[in-house]
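# Per-entry structural report
What follows is the residue order along each chain.
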Amino acid sequence: METQTHKPHRPAQSGSKAEKKGKGKQKTGFNEKAFAPKSGRRADRQARRNVERDEARLHVPLVNRTPDDEPPPVIIAIVGPPGVGKTTLLKSLVRRYAKQTLSEAKGPITVVAGKKRRLTFIECNSDLNSMIDIGKVADLVLLMIDGSYGFEMETFEFLNILQAHGFPKVIGILTHLDLIKKQATLRATKKLLKRRFWNEIYQGAKLFYLSGVLNGRYPDTEILNLSRFISVMKFRPLVFRNTHPYLLADRIEDLTPREEIRTSKGRCDRTVTLYGYLRGTNLRQSTKVHIPGVGDMDIKTVTKLGDPCPLPDADSEKRRKLSEKKKLLVHAPMSDVGGVMYDKDAVWINVPGNFTRGATDVPHGEGERMVIDLQDVDETLEETVARSNIRLFGSSSNPLTIDTRHHNRENSYGDDDAEEDEDVSQSDSEFEEEGEVFSEDEQDDEGSDEEDKQFRTGSLNTGRHAARTIVRSTHGFSSTEKEEGDVAFADSDSELGLSDDEGRGRAGEVMYADDEKEISSDDEEEFDEDNEDNVPAWKSGLAAKASAAFEELNRRKRRKDWVAMIYSSSLSPEQIANGADTPGVKPDEMDDDFFRVNSSGATDQDDLDMTKEALSLGALREWEDEGVLDSLRTLFITGDTDGGEADQEMNAHENPEGADLVDLESRKVQPAPTEFEGIDAETRALIEGYRPGTYVRIELASVACEFIEHFDPCYPIIIGGLLAAEERMGYLQVRIKRHRWFARTLKTNDPLIFSLGWRRFQSVPIYSLDDHSIRMRMLKYTPEHMHCYASFYGPVALPNTGFCAFNALSGETVAFRVSATGVVLDIDRSTKIVKKLKLTGVPFKIFKNTAFIRHMFTSALEVAKFEGASIRTVSGIRGQVKKALNKPEGAFRATFEDKVLMSDIIFLRAWYSIQPRKFYNPVTSLLLSDKSRWSGMRLTGQIRRDEGLKTPLAVNSTYKPIERPTRRFNTLKVPKKLQAALPYASKPKLMKPQSKQTYMQKRAIVLEPEEKKAIALLQQIRALRKDQIVRRREKQQVRKETHRKKIQKDEAKDAEKEREKKKVYMRAAGMKSKREADVEEGRSRKRRKT
């Protein structure tokens, strides 16, 4: 049966059915009324908030000085408290990138992560000095947190250090999560730690979770996810690192002579070389550097070395992924990689267990291969050279030999240059007379060595004036060949058995000669004259060609005299100032890239006054020519460089005085990359410095011997370049705020340890506050929750440089160690810091509005300094200091706006200028054996506590009870005339006491017997009443005490019952909420074991 086809349903488009179905549908589209703001004020706030949020996303554009062709490795610091798993993570990441397992990870470890990226891993220990140094150079921080414990104090301290020194990228890593067995607790812990991490970094910061450890490493999947995130991360340049050259040393060597160390018993200064990748900006050899923990150093030499961990070459660029051979490359001199480890003065080769040299199936490490190669050597290098045969020509029958007598005689010569030249000439003549054979190659080697020595000394144009004639012995030829000159000459270098490269090398070797004069013997001159006709064409004029090539090489290597090229003069500035004549310069010798000033002869004494410029109309009309103006436009950076032929012509404009003639020539703007074309790498490095990404070797002299003796690869060594302004000392003004987590208040003149720039040092700050823009008033303590100013003495840092301060760097401190943070405002600030000074005195003689004051000053000189100063009394009467009195010493006359009393205290408010103390104590933690126990200047109280001394008590400093006698004031006396004029309400109502007894006081009272009995009865009744009241109160007090005890017992019982009720209620409420949570999450209600 065929399948039946059904027609598709077509809904009605019109009619009653379509209208009935369309009634319930709502219109689609944006309803403006539904989303309109209810109030205009709220809409304005919302719009402002959106604009501010968009502006907050914007950043100041910074120039990234990192080269794109060969960028330096990215520094990834692994930071965390002890026992959190830093070393395990480091070994896991190195295993991921280099396929090698490190037995001991110390110092920086560099691996290749991609075609254009290398990574340098370094583990940061828990020392605060190391955390400060790592925070200044790290590009990415892997912040490790113990998930089973939570955040620790070191984590928060490191984050605050990062905030002060430019915040790099931070990735959080939670470890030890396998210790939490319950899934609900694990989820709650992750959520809680993530929220706290976001509060410290930013909302949405990346947080990785490492579940457990397998075979001594973290799971490969989790490490793979972390490495992928690291490989695609982009880094924003930080301002401080973008303006300073620096490097993280991955290797250190001590070049001090062993004999000097032995004679000084190891206490002499050392010569140290440090190796590392250069970062930041270009490093010049004249730059002064600072090693945190050691001090400021001067660079002796900087040498560019080959990259120990190079990026993949062009062959591997064709592939999508790196080859396995490139992945195996790892550079970690301080760690044990392949059995080889570099120490400060030795190279250690570790061969664990036993191995067989013949076993080829067992892979050997780098150290094992080095040991096997050393064991395979059968003879020394001297024996190998002695057995070798060197033939000068391919057709030579006998090889070249070295005479031992000449060798011994040559060794006895001195080292001075003059003596060496004489000895060389004598030895050459002896070679000719005795017929001995001397190797040409050895002569060339000596010449090249001497020329290298000349270039090292820095002398210019110290080469030979003429080419050296090579002296060859004729001992190998027959007598007939000597007489007839039938020497077999080759027609080309190829017939001599030399390739083109070798021929060029020989030509170069001839030019690097060792003596300065041409040396030739009579026999050889006769030999050359006799056989001049038989010499081939290519051999003719070799001396002239060699001389010309040598002069050309010297001309290229000679440094250009820019002063002579620019000013057409070789005179020194002193000679020019003394009026020496400048030698003329020919027009064809002029360089086309510079302006020329041609002297027109000596100046006449009758010249015009040079301070008044004499102008002529003819000279001014010349500037109306458009051609002249167009020719000048190209000489400025704002001009058009694409001008026509008129811009290329030379225009001469004569000065009206006739003194000078200025030749203006258009100069083409050259792009920056082509400025150093044709210059060798060494000259370019002298001009612009060594570029970032270069692997350099820095040699430092006069380094403290403790740096080498107590070297520990677990502590990072940073060489930070200093700018010219940062090399001097001065007063710094900073804005500082005490950290809200630091327990104590900071006090003026208490020492603080600052981490500013590359340096860590201790100084004594003075805190101050701007007093209404009038004066900088000193503060004894830092204010609470508020910024203030601080001034201290130390190395100068550029404004806007962040810093953090510490009271102590010891790891024994339990509390939060970051005392304060701030930023540099100004250097060598001239604003004075003033301190309030209050002087008090008392009057000893009072006139109407004048009084004599004493006990305020000690001499008339002090009074003279304060003449005219305003004073006031405690009651508010203002006055002024007038003149000093003869007696007593220090007393003065003062006038007041009202009459003062003898009991008044007069005080003078003044401001006393203070200056910070010149105290600078660098933190030299790397010079200690225990680098975490550096201690600087201590407070007096700390010294007394450490030494067990008691605080001395001064007699005047002890507190005494204050005894204030009652003051008796005289009554107000109003004259009678004034009383009569006053109204009654204002008249004094004071009555005098009665001096005589009144009548009622004088009279005597005699009682009757009945009155006496009545009074006695009333007294007895009152006594009984008093006794009853006393007994009644005692009984009432006993009843109250009993009732109070009963009430207390009842209240205790009620409180116990209430406590039990609360326990029952809270238990039921907790079980109810737990059941509701279980129902919502869809889990079973059975209790699971933790």
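For the structure itself, consult the block above.
One structure accompanies this document, and this report is about it.

Conventions used here
Each chain has its residues counted from 1, following the order in which its sequence is written. In keeping with the predicted nature of the model, local features appear solely for residues at pLDDT of at least 70, side-chain atom pairs appear and are counted solely at 80 or more, and the whole-chain, interface and lining totals rest on all residues. Calculation of side-chain values draws on the structure's entire complement of heavy atoms; hydrogens and water are dropped beforehand. Strands here mean DSSP runs of E at least two residues long; helices mean DSSP runs of H or I at least four residues long; both are numbered from the N terminus. Note on contacts: a residue pair qualifies if any of its non-hydrogen atoms lie within 4.5 Å across the two residues. Excluding any residue in a salt bridge, patches collect residues exceeding 30% relative accessible area, merging like charges within 9 Å and nonpolar Val, Leu, Ile, Met, Phe, Trp and Tyr side chains within 5 Å. All accessibility values rest on the Shrake-Rupley procedure with a 1.4 Å probe; residue burial counts only the protein chains present in the view. Each reported salt bridge corresponds to a side-chain nitrogen of Lys or Arg within 4 Å of a carboxyl oxygen of Asp or Glu. In summary, the charge assignment counts Lys and Arg as positive and Asp and Glu as negative, without counting His or the chain termini. Where a charge sits is defined by one atom per residue type, namely NZ (Lys), CZ (Arg), CG (Asp) or CD (Glu). Categorising residues by exposure relies on relative accessible area from a 1.4 Å probe, with only protein chains included: less than 20% of the type maximum marks a residue as buried, more than 50% marks it as exposed, and the intermediate range marks it as partly exposed. Nonpolar cores were defined as sets of buried Ala, Val, Leu, Ile, Met, Phe, Trp, Tyr and Cys residues, with membership established by side-chain atoms within 4.5 Å. Stacked, edge-to-face and tilted are the three classes for Phe, Tyr and Trp ring pairs, Trp counted by its six-membered ring, which pair at centre distances within 6.5 Å; planes under 30 degrees apart are stacked, over 60 edge-to-face, the rest tilted. Only Lys NZ and Arg CZ are tested; either one counts as a charge over a ring when it is within 6 Å of the ring centre and within 35 degrees of the ring normal. When DSSP finds two or more bridges between a pair of strands, those strands are recorded as paired.

### So, the overall build of the protein
Check the secondary structure of the protein and you find 31 helices and 34 strands. Taking the intrachain contacts of the protein between residues at least 6 apart in sequence as the baseline, contacts between residues at least 24 apart amount to 73%.

### Thoughts on a positive patch on the surface
Judged by side-chain charge, Lys-1045, Lys-1049, Lys-1053, Lys-1057 and Lys-1061 come together as a positively charged surface patch. Along the chain, Lys-1057 falls in helix H31 (residues 1009–1081).

### Considerations on the pattern of salt bridges
Within the structure shown, the criterion is met by 28 salt bridges. Note that Arg-1031 is salt-bridged to Asp-1027, the shortest N-O span being 3.0 Å. Taken together, the residues span about one helical turn, with Arg-1031 and Asp-1027 both in helix H31 at a distance of 4 residues. Under the relative-accessibility criterion, Asp-1027 is labelled partly exposed at 39%. Between Glu-1056 and Arg-1059 there is a salt bridge, and its shortest N-O distance comes to 2.6 Å. With Glu-1056 and Arg-1059 both in helix H31 and 3 residues apart, the pair spans about one turn of that helix. The exposure class of Glu-1056 is partly exposed, given its relative accessible area of 41%. With relative accessibility at 42%, the residue Arg-1059 sits in the partly exposed group. When salt bridges with common partners are traced through the structure, they connect Asp-254, Arg-258, Arg-267, Arg-270, Glu-706 and Glu-709 into a single cluster.

### Observations concerning a nonpolar patch on the surface
There is a patch of nonpolar side chains on the surface, built from Val-60, Leu-62 and Val-239 and spanning about 280 Å² of accessible area. Here Val-239 is to be found in the loop between helix H7 (220–231) and strand E7 (246–248). Judged by relative accessible area, Val-239 falls into the exposed class, the value being 56%.

### Some points on the nonpolar core
Ranked by size, the top nonpolar core spans 45 residues in total, and within it Val-79, Val-141, Leu-143, Phe-197, Phe-806 and Leu-809 carry the most contacts. Put simply, the parts of the chain that give this core at least two residues each are strand E1 (74–79), helix H4 (128–137), strand E4 (140–146), helix H5 (153–164), strand E5 (169–175), helix H6 (183–200), E7 and strand E26 (802–806). For Leu-143, the contacting residues outside a window of four places in its chain are Val-79, Thr-155, Phe-158, Leu-159, Val-170, Ile-171, Gly-172, Ile-173 and Phe-197. Counting 31 residues, the second-largest nonpolar core is a separate cluster that includes Val-84, Leu-119, Phe-208 and Tyr-218.

### Notes on the environment of Leu-89
Assignment of secondary structure puts Leu-89 in helix H3 (residues 86–98). Since its relative accessible area comes to 0%, Leu-89 is described here as buried. Along the backbone, Leu-89 and Gly-216 are 127 residues apart, and their C-alpha atoms lie at a distance of 9.7 Å. In this view, Leu-89 contacts Ile-78, Leu-142, Met-144, Ile-173, Leu-210, Tyr-218, Ile-223 and Leu-226; residues no more than four positions away in its chain are not counted.

### Some points on the packing of aromatic side chains
For any pair of aromatic rings, the description rests on two quantities: the centre-to-centre distance and the angle between the ring planes. For the structure on display, the rule yields 18 aromatic pairs. Geometrically, the ring pair formed by Trp-741 and Phe-816 is edge-to-face, given 5.4 Å between the ring centres and 85° between the ring planes. Separated by 75 residues along the polypeptide, Trp-741 in the loop between strand E20 (729–738) and strand E21 (752–756) and Phe-816 in the loop between E26 and strand E27 (818–827) bring together distant segments of the chain. The exposure class of Phe-816 is buried, given its relative accessible area of 5%. Among the aromatic residues, those joined into a ring-pair cluster are Phe-754, Phe-761, Phe-792, Phe-803 and Tyr-920. The residue whose ring lies beneath Lys-206 is Phe-208, and the NZ or CZ to ring-centre distance is 5.4 Å. Between Arg-740 and the ring centre of Trp-741, over which it is positioned, the NZ or CZ distance is 4.9 Å.

### Points about the pairing of strand E23 (residues 766–771)
Pairing geometry for E23 and strand E25 (residues 788–795), over 3 bridges, is antiparallel. Residue pairing for E25: Ser-768 is matched across the bridge by Tyr-789. Bridge count between E23 and strand E24 (residues 775–779): 5 bridges; the pairing is antiparallel. Within the sheet, the bridge partner assigned to Tyr-767 lies in E24 and is Leu-779.

Interpretation in functional terms is not warranted from these geometric data alone.
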